[in-house]
Amino acid sequence: MTTASHNHRLIDGHKVAIKIINECKQYTNEQNTLGRLVSICIGDVPETKLYIRNQARGAKSAGLPFEQIKWNANIKQNEAKRIIQKMNDDASILGIIIQRPAPQHINIRSLQSAVHPLKDVEGMNPASIGNIVYSDVALAPCTAAATIQLIKETGLKLEGLEVVMIGHSEIVGKPTAVMLMAEGATVTVCHHLTRSVAMHSRRADVIVVAVGIAGFLNSDMVKPGAVVIDVGINQITGEDGSYEIVGDVQTEAVTEVAGWVTPVPGGVGPVTVAILIRNAITAHKRQLAAGWIT
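Summarised in this report is the structure supplied together with it. (Residues numbered from 1 in each chain as written. Predicted model: local features only at pLDDT ≥ 70, side-chain atom pairs only at ≥ 80, totals over all residues. Heavy atoms only, no water.)

The subject of this paragraph is the overall build of the chain. When its secondary structure is counted, the chain shows 10 helices and 10 strands. For the chain, the spread of C-alpha atoms along the principal axes amounts to about 55 × 40 × 35 Å. Burial status across the chain gives 50% buried among its 294 residues. By sequence separation, contacts in the chain at least 24 residues apart represent 70% of the contacts at least 6 residues apart. Of the roughly 14400 Å² that the chain leaves accessible, carbon and sulfur atoms contribute 51%. Taken as two groups, the 27 positive and 26 negative side-chain charges of the chain have centres that lie 6 Å from each other. (Helix = DSSP H or I, 4+ residues; strand = E, 2+ residues; numbered from the N terminus. Buried < 20%, exposed > 50% of the residue type's maximum accessible area, 1.4 Å probe, protein only. Contact = heavy atoms within 4.5 Å. Areas by Shrake-Rupley, 256 points an atom, 1.4 Å probe, with all protein chains shown as cover. Lys, Arg positive; Asp, Glu negative; His and termini not counted. Charge placed at Lys NZ, Arg CZ, Asp CG, Glu CD.)

By the criterion of burial, strand S3 (residues 93-98) is predominantly enclosed, with six of the six residues buried. Where strand S1 (residues 36-42) and S3 come together, five bridges link them in parallel fashion. Each residue of the ladder has a partner; that of Ser39, found in S3, is Ile97. (Pairing = 2+ DSSP bridges.)

Further remarks concern the packing of helix H1 (residues 13-28) against helix H2 (residues 49-62). Direction vectors running N to C along H1 and H2 enclose 50°, while the axes themselves pass 8 Å from each other. Here H1 is positioned oblique relative to H2, judged by the angle of their axes. Taken together, the residues of H2 that come into contact with H1 (itself represented by Ile21, Cys24, Lys25 and Thr28) are Gly58, Ser61 and Ala62. Among the residues making up the contact of H1 with H2, the classes are represented as three nonpolar, three polar and one charged. (Axes fitted to C-alpha atoms, helices over the stretch in contact; angles between N-to-C directions. Parallel < 35°, antiparallel > 145°, perpendicular 65-115°, else oblique. Nonpolar A, V, L, I, M, F, W, Y, C, P; charged D, E, K, R; others polar.)

A few words now on the packing of helix H6 (residues 142-152) against helix H7 (residues 173-182). Taken N-terminus to C-terminus, the directions of H6 and H7 make an angle of 45°; their axes are 8 Å apart at the nearest point. The angle between H6 and H7 places the two elements in the oblique class. Where H6 crosses over H7, the handedness of that crossing is right-handed. For the pair formed by H6 and H7, the contact residues are Ala144, Ala145, Thr147, Ile148 and Ile151 on the first element and Pro175, Thr176, Met179 and Leu180 on the second. (Left-handed = near helix turned anticlockwise from the far one by under 90°.)

This paragraph deals with the pattern of salt bridges. Counted by the stated rule, this structure contains 10 salt bridges. In this structure, the salt-bridge partner of Glu122 is Arg100, at a minimum N-O distance of 3.8 Å. Taken as a pair, Glu122 in the loop between helix H4 (108-114) and helix H5 (126-133) and Arg100 in the loop between S3 and H4 lie far apart in primary sequence, 22 residues in all. Judged by its relative accessible area of 11%, Glu122 falls in the buried class. Judged by relative accessible area, which is 29%, Arg100 ranks as partly exposed. For the salt bridge of Glu183 with Lys152, the shortest nitrogen-to-oxygen distance reads 3.0 Å. With Glu183 in the loop between H7 and strand S5 (186-190) and Lys152 in helix H6, the pair connects residues that are 31 residues apart, well separated along the chain. (Salt bridge = Lys/Arg side-chain N within 4 Å of Asp/Glu carboxyl O.)

Moving on, we come to the sheet that holds S3. Strand order in the open sheet formed by three strands is S2-S1-S3, and the pairing between neighbours is parallel. With one partner strand each, in any of the chains shown, strand S2 (66-71) and S3 form the two edges of the open sheet. Strand-to-strand twist of the sheet, defined as the mean angle between neighbouring strand axes without regard to direction, takes the value 25°. Bridge count between S1 and S2: six bridges; the pairing is parallel. When the sheet's bridge partners are listed, Val38 is paired in S2 with Glu67. Across the sheet, H2 lies against S1, S2 and S3, angled at about 155° from S2, the strand it touches most. Contacts from helix H10 (residues 268-289) reach S1 and S3, with the element oriented near 140° to S3.

Structure follows, in structure tokens:
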């Protein structure tokens, strides 16, 4: 049996990400001045360190300045919003990233709403999410856009494809479903109240899984030749006590049935970071068009 790490059916997210970053680099090379991306972390949150490091690396590769800011965990909601609103008015700041999770007393959705849509490189302002309903996906949520990008990497046309989205979160499931419909796909959304997820997933041309349950999708739930996009990131403890990052898909088993599978790590993650950088380029173009910057 071919091991998953060498299976030709795995979609290499790193290669896709490099292609996107290089396209962004071509744009930044033509600019005299570029504002910086500002990453805000509230409190000491170990889970965010890898994300911030990858975002900083992606920005550097694309030629974008990147600044990390850490706020005290006790910062008040009103103070946080006031600082973000000040950043909105700062022409030297290209985009604002709010790292999650945040302390319980912080309403993260309210902070995301405070980020001006033209600086919302994460695509998480309600206005940005609302825009995708009207097929304006230029500043779409990064993970959702990465999912669409990876499906397209297979060479399949999304028009008419049967897609099953497993998970209906505001960050991934819902925006991904809307964006897939905009591409002409027929979309079924499954969630924790769905009676038989397998009944739906077995007929799908494409399955997108984002439920946060390690190994949720097994080979019996996949139609032969289907595309499987694994958005899950789960930390599990091995028999020797070591930690391992796995997705929502039983990758090795599913690879024997599916036509294409994204691995974890190395699948959706790198492309999500690249989409963030691409969103920053789009934000720069829109800020220029709006006369915010010259």
